[in-house]
Amino acid sequence: MKLLEGRGYLNARYTNRKVPFRLSVTDAGFDKYSRTFLPGYEGLKTSVGLEIVNHEARRSKAIAQSLDCPQVIVEHILALFEDRGWIDTYQETLPWIDIRHVSPELEYWLEET
């Protein structure tokens, strides 16, 4: 666990120095896992980007439905895009995330992919 936390794949909160009472997977950890264990994940990231740029999709739920993909995976991809500065998101209500701003860098990445 310490190794995964050290690499930025997990967030752990401890009651003492050895036993975590709360674990969560970071977006980087989810990305690493998905690239390894989810067939077609790299293509899915591209598809999410294309939905945003070409179809002006701005809601995670709509993107997930359009791509016939679990919304939780789309939302992790959106978080990854946000970490890279390609989009700006907000969540006013559940059960979706909205995109407020799209950087030209996302389109540039899509052209390079």
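The rules behind these values
- Residues numbered from 1 in each chain as written.
- Predicted model: local features only at pLDDT ≥ 70, side-chain atom pairs only at ≥ 80, totals over all residues.
- Heavy atoms only, no water.
- Helix = DSSP H or I, 4+ residues; strand = E, 2+ residues; numbered from the N terminus.
- Buried < 20%, exposed > 50% of the residue type's maximum accessible area, 1.4 Å probe, protein only.
- Contact = heavy atoms within 4.5 Å.
- Areas by Shrake-Rupley, 256 points an atom, 1.4 Å probe, with all protein chains shown as cover.
- Lys, Arg positive; Asp, Glu negative; His and termini not counted.
- Charge placed at Lys NZ, Arg CZ, Asp CG, Glu CD.
- Salt bridge = Lys/Arg side-chain N within 4 Å of Asp/Glu carboxyl O.
- Pairing = 2+ DSSP bridges.

1. Focus: the overall build of the chain
For step 1, the next point in the chain: A tally of regular secondary structure across the chain gives six helices and four strands.
For step 2, the next point in the chain: Along its sequence from the N terminus, the chain presents helices and strands in the succession α-β-β-α-α-α-α-β-β-α.
For step 3, the next point in the chain: Taking the principal axes of the C-alpha coordinates as reference, the chain spans close to 50 × 30 × 25 Å.
For step 4, the next point in the chain: Counting every position in the chain, which comprises 113 residues, the buried fraction comes to 35%.
For step 5, the next point in the chain: In the chain, the proportion of contacts linking residues at least 24 apart, taken out of those at least 6 apart, comes to 37%.
For step 6, the next point in the chain: On the chain, roughly 7,400 Å² of surface is accessible, and the fraction owed to carbon and sulfur atoms is 50%.
For step 7, the next point in the chain: Taking the average location of the 14 positive side-chain charges in the chain and that of its 17 negative ones, the two points are 14 Å from each other.

2. Considering the side chain of H76
For step 1, the next point in the chain: Mapped onto the fold, H76 is located in helix α5 (residues 71-83).
For step 2, the next point in the chain: With residues up to four places along the chain from it excluded, the contact list for H76 reads D27 and F30.

3. Topic: the pattern of salt bridges
For step 1, the next point in the chain: Enumeration according to the criterion identifies six salt bridges in this entry.
For step 2, the next point in the chain: With a shortest N-O distance of 3.9 Å, E42 and R35 are connected by a salt bridge.
For step 3, the next point in the chain: With its nearest N and O atoms 3.4 Å apart, the salt bridge here joins K45 to E42. With a gap of three residues between them, K45 and E42 both fall in helix α3 (residues 41-54), about one helical turn apart.
For step 4, the next point in the chain: A network of salt bridges, in which partner residues are shared, links D31, R35, E42 and K45.

4. Considerations on the pairing of strand β3 (residues 87-90)
A regular strand places its side chains on the two faces of the sheet in alternate fashion.
For step 1, the next point in the chain: In β3, alternate side chains face the same way, and those of I87 and T89 are buried while those of D88 and Y90 on the opposite face are not.
For step 2, the next point in the chain: Of the strand pairs in this sheet, β3 and strand β4 (residues 98-102) are connected by four bridges, and their pairing is antiparallel. Note that in β4 the partner of Y90 across the bridge is D98.

In short, the description is geometric, and any link to function would need to be established separately.
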